[in-house]
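Read off the chains here:
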Amino acid sequence: MGKSRNLDSASDGAVGPCDGMVAAIVVVSGRMKTQQRATEIMDLAADALTATGFSISHSAVIGEEPELLRTHFQQALEKQVQLLLTIGGTGVGRNNQVPELTAEIITTRLPGVEYAIVAKGLLSTKAAGISRGLVGLTGRDETATLIVNSPSSRGGVADVLSVVLPIVPNIFDGLRH
């Protein structure tokens, strides 16, 4: 693992609520049995993001080694992306450390958003209750990055993005004022 892509993709020209915003996607995978599944999950997320107007500056599939994730966090912050979506590593296994590593760099958690994600997931599966994903900001101004941890299932990614994407403009409007 450790495959990464620079996508520099944009939406198809339609203006979405996140038009002009930039995202990065990091799939953290210790359990995904194939590279193909990890890529499919990443593509699902990228499609949802670009449909709302995001361009994708960077995406990667990495192992669960903490230093790999720290490196990708740093790259995303250096690129000044508005949204960093991590996929995977939010469960209760001993290698699932994404929330702990995210907590090292966010300054403002958004627990209401975290709760809304869990509530949405619980409508479909009891397993949503064991996801420990965090949602938070790296600062309190317009240069902040919103970091969102998603579970690695297709349904989990869909639930997370269905909760987060509609409120991203509100979050960044609040940071500008």
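Above this text you will find the structure in question.
Here we summarise the structure given alongside this text. (Residues numbered from 1 in each chain as written. Predicted model: local features only at pLDDT ≥ 70, side-chain atom pairs only at ≥ 80, totals over all residues. Heavy atoms only, no water.)

### Structural notes on the overall build of the protein
Counting its secondary structure elements, the protein contains 6 helices and 7 strands. Each helix (α) and strand (β) of the protein, taken in turn from the N terminus, gives the series β-β-α-β-α-β-α-β-α-β-β-α-α. Burial status across the protein gives 48% buried among its 177 residues. Long-range pairs, those at least 24 residues apart, make up 78% of the contacts in the protein with a sequence separation of at least 6. (Helix = DSSP H or I, 4+ residues; strand = E, 2+ residues; numbered from the N terminus. Buried < 20%, exposed > 50% of the residue type's maximum accessible area, 1.4 Å probe, protein only. Contact = heavy atoms within 4.5 Å.)

### Overview of the layout of surface pockets
Rolled over the atoms, a probe as big as a water molecule pinpoints where empty space is left. Within this model, the largest pocket holds a volume of roughly 720 Å³. If you go around the largest pocket, you meet 38 residues; those closest to its centre are Thr90, Gly91, Ser131, Pro151 and Ser152. Per-class residue counts for the lining of the largest pocket are 12 nonpolar, 19 polar and 7 charged. (1 Å grid on protein atoms, 1.4 Å probe; cavity = no way out; pocket = protein on both sides within 12 Å on 5 of 7 lines; lining within 4 Å. Points joined across faces, edges and corners; volume = space filled by probe spheres on them. Nonpolar A, V, L, I, M, F, W, Y, C, P; charged D, E, K, R; others polar.)

### Considering the pattern of salt bridges
As enumerated under the stated definition, the model contains 5 salt bridges in all. Glu104 serves as the salt-bridge partner of Arg70, at 2.9 Å between the closest nitrogen and oxygen. With a gap of 34 residues between them, Arg70 in helix α2 (residues 66-78) and Glu104 in the loop between α3 (98-103) and β5 (108-109) connect regions that are remote in the sequence. Take Arg70: its relative accessible area is 30%, and that puts it in the partly exposed class. Salt-bridge contacts for Glu100 lead to Arg132; the nearest nitrogen and oxygen are separated by 2.7 Å. One end of the pair, Glu100, is in helix α3; the other, Arg132, is in the loop between α4 (111-122) and β6 (135-137), with 32 residues separating them in the sequence. What emerges from the salt-bridge pattern is a single network uniting Glu67, Arg70 and Glu104. (Salt bridge = Lys/Arg side-chain N within 4 Å of Asp/Glu carboxyl O.)

### Some thoughts on the environment of Arg132
We classify Arg132 as partly exposed; its relative accessible area is 27%. Along the primary structure Arg132 and Glu100 are separated by 32 residues, whereas in three dimensions their C-alpha atoms are 9.4 Å apart. Each residue touching Arg132, except ones within four places of it in the same chain, is listed here: Gly89, Thr90, Gly91, Val92, Asn96, Pro99 and Glu100. One polar contact links the side chain of Arg132 to the main-chain carbonyl oxygen of Asn96, over a distance of 2.6 Å. (Polar contact = N/O pair within 3.5 Å; in protein donor to acceptor, adjacent residues only side chain to side chain.)

### A word on the packing of α4 against helix α5 (residues 154-164)
Two elements in contact, α4 and α5, have axes separated by 9 Å at closest approach and are oriented at 135°. The orientation of α4 with respect to α5, classified from their angle, is oblique. Once α4 is placed against α5, the crossing between them reads as right-handed. Every residue of α5 that contacts α4 at Val113, Ala116, Ile117, Lys120 and Gly121 is listed here: Asp159, Val160, Ser162, Val163 and Val164. For the contact of α4 with α5, the per-class residue count stands at 6 nonpolar, 2 polar and 2 charged. (Axes fitted to C-alpha atoms, helices over the stretch in contact; angles between N-to-C directions. Parallel < 35°, antiparallel > 145°, perpendicular 65-115°, else oblique. Left-handed = near helix turned anticlockwise from the far one by under 90°.)

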